[in-house]
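Descriptive analysis of the structure
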Amino acid sequence: MAQKVYKGSGADFITAVCLALFGAAFSIAALRMRVFNNSLLVSPGLFPLILGAVFILLGLLLLRSAAKRGGWAQASHVLGRENLHAFATSPRVRKAVVLLLFMVAYVAAVANFPFLWATVGYLLVTFIYLKAMKLHWILLVSFLAAYAITFAFRDLFRIPMP
Amino acid sequence: MEILHLLADEAVQVGGSLLGALNPTILGLIFGGSLLGMLVGAIPGLTATMALALLINLSYGMPLENAVAFLLAVYVGAVSGGLNAAIMINIPGTPSAAATCLDGFPLAKEGKGGLAIGTGLIASFVGTIFSIMVMIFLSPLVYKIALRFGHWELFLLALFGIMICGTLSAGKDPLKGWIVGFLGFAAAMVGMEQIFAYPRLTFDFLQLKGGIPLIPALIGVFGVSEFLAVLQENVAYKIEGKVGKVIPPMKEFIPLIPSAIRSGVIGVVIGAIPGAGEDIGSWLSYDVGKRRSKQGHKFGTGSYEGLVCSEVANNAVIGGAMIPLLTLAVPGSPPSAMFLAAVWLHGVRPGPMLNFENPGFLPLVAAMLILGSFAMLFWGLALAKPMVAILKIKREILLPIVIPLTVIGAYAGGVRIFDVYLMLAFGVLGYILRQMDYPLAPLVLGLILGPLADTSFRRALQQSRGAIMPLLERPIGLLLLLCIAWLIWTGIQRTRQYYAEQTAREDGEELSAE
């Protein structure tokens with residue numbers, strides 16, 4: 001008979017495995033941190049080593065709880081092709097990813113172009129994507145907001161700007 | 001006698017700081033900061049932490065006194081500003097005003113929105129002033145205890161901080177809070193460690209040698225993640241009723257005094273617990289008020305007492321959160337963590353030695369909080385009606401404008417684009433944690449307390465030559481150790497109970513569906 005599956009158990013199962021793996025990697029990195037022939041007790045790797053062990057322990061605790069609630073079966077379903085496709089195409093996820101990409105592009109633009117124009121571009125694109133208002137208002141608000149921010153921080157408060 | 005002398009001295013210093021602050025520049029910064037804080041706090045989706053994250057960059061170029069005045073005014077204003085949206089549209093402007101919705105919105109539906117806002121503002125003012133008084137009188141005592149802390153006690157304090165923060169902020173599943181707290185510790189391990197200046201986990205990035213900068217990480221976790229989480233939801237809201245009269249009659253307040261005092265005490269205690277924050281204080285006070293009050297059955301139907309319980313407590317957390325921050329360098333709430341990061345930038349190191357290194361700092365904080373509270377009350381009562389009009393502006397317009405401010409905030413501290421990318425990375429981490437119902441406060445607290453825990457632990461072992469037994473004989477350390485053991489024990493029990501209840505509920509739902 002198949003084990004009964006409970007809500008959230010799949011996510012907990014995957015998190016637990018990731019946490020235990022992260023803990024193991026952290027511990028291995030910590031073991032390489034001994035310097036000046038000092039004993040392990042004062043070496044820079046001591047605390048990270050303990051942290052790695054704590055992550056493994058917390059991961060195992062979460063794994064045990066998730067496995068009891070049918071986590072393995074749920075995790076297989078969560079990582080299944082159909083589910084991943086549904087996740088990737090969900091409007092909520094798509095919106096968050098697009099907004100994040102706009103931000104990354106904005107930061108890259110800020111590093112290479114004047115702050116004012118990079119900000120105008122970012123606000124323009126984001127407002128259009130979010131359908132925040134009519135196009136002529138978008139143009140006006142984007143420019144005015146970018147100008148006000150640049151003026152206030154650069155000229156008024158003399159804050160270092162990108 | 002010595003304590004009384006200390007307290008009298010403290011009170012005189014606060015008076016001196018108050019008089020010193022009565023100059024146009026500081027008053028302008030306090031009133032300006034308070035107004036900006038209230039505006040940010042009033043907008044649903046923007047929290048008090050976000051308000052500080054967005055406005056912290058304005059304080060970089062200011063002298064210390066001005067920066068403290070400005071940031072604390074923003075803090076007080078933002079915590080109080082959340083009540084406008086909670087009362088008028090049933091969506092809390094900040095999470096700390098969530099309990100305010102329960103009684104504020106029914107009052108607004110009865111056409112008493114203005115009176116509810118006025119009552120909430122006065123309650124917020126009372127809560128802040130009460131907590132400042134407690135802070136003034138308790139801090140010198142905590143300093144005296146904190147001076148007895150050795151490396152072992154400091155390590156245990158840091159551990160206790162993230163354990164209790166994880167327990168309280170994760171609700172019914174403390175395990176998740178602890179995981180996030182230890183992730184914060186792990187993030188704090190990046191960069192040169194403090195004993196041998198040995199670079200750890202830098203992956204050959206020169207920019208990571210100095211560690212993960214606190215301000216970009218905080219802005220990412222609380223600002224960027226909030227932006228993504230709020231904008232991906234399509235929540236429509238409408239403003240309920242007219243604002244009407246704002247200032248309530250004084251006689252209405254007299255029966256509410258016992259509730260206000262109780263809520264003030266709850267707020268201060270919750271504030272003093274590392275990382276717990278305003279929302280926990282507000283909910284706990286509301287819950288206790290509902291059970292203890294003779295009018296408890298009216299809570300949730302438009303009770304002024306319920307409103308007072310929530311609003312006094314969330315503002316009382318402010319002064320409470322300052323006690324561990326100033327005396328032990330352990331922030332009591334996420335916005336106070338932001339304040340800690342800002343004063344670090346100005347060269348002030350809160351902690352047991354603060355009273356010797358910067359003897360006037362605690363009175364300065366108290367004085368600025370008092371002035372900030374008056375500014376908050378003034379703006380809140382004067383602008384109650386225009387503030388509601390701001391709620392009509394779509395979030396799709398306001399929130400994108402916030403992102404350039406976060407970019408400036410992350411960049412200006414270290415003047416490096418790398419920090420802005422780091423902010424985005426922490427934003428994504430914060431967003432994922434939010435989606436999985438993991439609390440964010442322990443992450444930030446772990447990041448702040450990580451270096452203290454690491455260095456203190458190794459120095460304590462060095463002092464005891466690796467032996468654990470001498471460390472266990474120290475009374476304060478033993479007490480902290482017992483508290484941590486108790487937190488772990490009860491936390492595991494609570495997590496088990498939560499999952500047992502969850503599975504039982506799902507089984508029940510399935511049976512009833514069949």
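Bear in mind the structure is a predicted one, so any value in this text is a computation, not a measurement.

Observations regarding the overall build of chain A
Each helix and strand in chain A was counted, giving 7 helices and 0 strands. For chain A, the sequential pattern of α-helices and β-strands runs α-α-α-α-α-α-α. Viewed in the frame of its principal axes, chain A has a C-alpha envelope of about 60 × 55 × 20 Å. Across the 162 residues of chain A, 35% fall into the buried class. Within chain A, contacts between residues separated by at least 24 positions form 63% of all contacts whose residues are at least 6 apart in sequence.

Here we look at the overall build of chain B
Along the backbone of chain B there are 21 helices and 2 strands. Considered along the principal axes of its C-alpha atoms, chain B spans approximately 70 × 70 × 50 Å. Among the 514 residues that make up chain B, the fraction classed as buried is 60%.

Quick word on helix H17 (residues 395-414) of chain B
Across its 20 residues, H17(B) extends 30 Å between first and last C-alpha, which sits within 8% of the 28 Å expected from 1.5 Å per residue. Where burial is concerned, most of H17(B) is hidden: 15 out of the 20 residues are buried.

A look at helix H2 (residues 46-68) of chain A
Its 23 residues give H2(A) an end-to-end C-alpha distance of 33 Å, which sits within 8% of 33 Å, the value for a rise of 1.5 Å per residue. Within H2(A) the residues assigned to the buried category are Leu46(A), Phe47(A), Pro48(A), Leu51(A), Gly52(A), Phe55(A), Leu58(A), Gly59(A), Leu62(A), Leu63(A), Ser65(A) and Ala66(A). Contact partners of the buried residues in H2(A): helix H1 (9-31) and helix H3 (71-78) of chain A together with helix H8 (174-188), strand E2 (199-200), helix H19 (441-463) and helix H21 (475-513) of chain B. With its phi angle positive at about 80°, Gly70(A) sits one or two positions after the end of H2(A).

Notes on the domain arrangement of chain A
Structurally, chain A comprises domain 1 (9-88) and domain 2 (91-156). For domain 1 of chain A versus domain 2 of chain A, the separation of C-alpha centres amounts to 38 Å.

Looking at the nonpolar core
Counting residues in hydrophobic clusters, the biggest one holds 223 residues, and the most contacted among them are Leu52(B), Leu71(B), Tyr75(B), Leu218(B), Val365(B) and Met368(B). Of all the elements, helix H4 (residues 64-89) of chain B adds the most residues to this core, at 18 residues. Taken together, domain 1 (9-88) and domain 2 (91-156) of chain A each give at least three residues to this core, which thus spans both. Among all residues touching Leu71(B), those that are not within four sequence positions of it are Gly33(B), Leu52(B), Ile56(B), Ser59(B), Phe339(B) and Ala342(B).

A short note on unusual backbone geometry
Residues and elements named next belong to chain B. You will see that Leu201, though not glycine, has its phi angle at about 50°, which is positive. Turning to its location among the elements, Leu201 is positioned in the loop between E2 and helix H9 (214-231). Phi at Phe203 is positive, roughly 50°, even though this residue is not glycine. Tracing the backbone shows Phe203 in the loop between E2 and H9. Since 8 C-beta atoms lie within 10 Å of it, Phe203 is described here as exposed.

Examining the interface of chain A and chain B
Of the residues lining the interface, 52 residues belong to chain A; the matching set on chain B comes to 50 residues. Considering each element in turn, the side of chain A that touches chain B owes the most residues, 11 residues, to helix H5 (residues 91-112) of chain A. Broken down by class, the residue content of the side of chain A that touches chain B amounts to 44 nonpolar, 3 polar and 5 charged.

Observations regarding the confidence of the model for chain B
For chain B, per-residue confidence averages 86 on the pLDDT scale, and 97% of positions sit at 70 or higher. In the model output, the complex is listed with pTM 0.84 alongside ipTM 0.90.

Overview of the environment of Pro324(B)
Inspection of the secondary structure assignment puts Pro324(B) in helix H12 (residues 304-328). Apart from residues no more than four positions distant in its own chain, Pro324(B) is found in contact with Ala272(B), Pro274(B), Val330(B) and Gly332(B).

Structural notes on the environment of Tyr438(B)
Residue and element names in this part refer to chain B. Residue placement: Tyr438 occurs in the loop between helix H18 (417-435) and H19. Once the C-alpha coordinates of Tyr438 and Pro174 are considered, the two residues, 264 residues apart in sequence, prove to be 9.6 Å apart. Discounting chain neighbours no more than four positions away, the residues touching Tyr438 are Lys176, Val180 and Leu433.

Section: the packing of helix H10 (residues 257-272) of chain B against H12(B)
All names here are of chain B. Close contact between H10 and H12 brings their axes to 6 Å; oriented N to C, the two are set at 35°. Crossing of H10 against H12: the hand is right-handed. Residue composition of the contact of H10 with H12, grouped by class: 16 nonpolar, 9 polar and 1 charged.

Here is what the cut-offs are and how they apply
- Each residue is numbered by its place in its chain's sequence as written, counting from 1.
- As a convention, the first chain written is A and the first ligand written is 1, with the rest following in written order.
- Local features in this predicted model are restricted to residues of pLDDT 70 or higher, and side-chain atom pairs are both shown and tallied only at a pLDDT of 80 or more, whereas totals for entire chains, interfaces and linings draw on every residue.
- Helix and strand assignments come from DSSP, with helices taken as H or I runs of at least 4 residues and strands as E runs of at least 2, each series counted from the N terminus.
- Exposure is read from a count of other C-beta atoms within 10 Å of each residue's own; the residue is exposed at 12 or fewer, buried at 20 or more and partly exposed in between. C-beta atoms are placed from the backbone.
- Distance between backbone-placed C-beta atoms decides contact: two residues are in contact if it is within 7 Å.
- To estimate how far a helix should extend, the number of its residues minus one is multiplied by 1.5 Å.
- The domain boundaries here were taken from an automatic or database domain assignment.
- Here, a nonpolar core means buried Ala, Val, Leu, Ile, Met, Phe, Trp, Tyr and Cys residues linked by C-beta atoms lying within 7 Å of one another.
- As a working rule, the residues Ala, Val, Leu, Ile, Met, Phe, Trp, Tyr, Cys and Pro are called nonpolar, Asp, Glu, Lys and Arg charged, and the rest polar, with Gly in that last group.
- Confidence of the predictor at the level of single residues is given by pLDDT, which spans 0 to 100.
- Working convention: axes come from line fits to C-alpha atoms, limited for helices to the stretch in contact. Angles between N-to-C directions cover 0 to 180 degrees.
- Here a crossing is called left-handed whenever its near helix is offset anticlockwise from the far helix by less than a right angle, and right-handed whenever the offset is clockwise.

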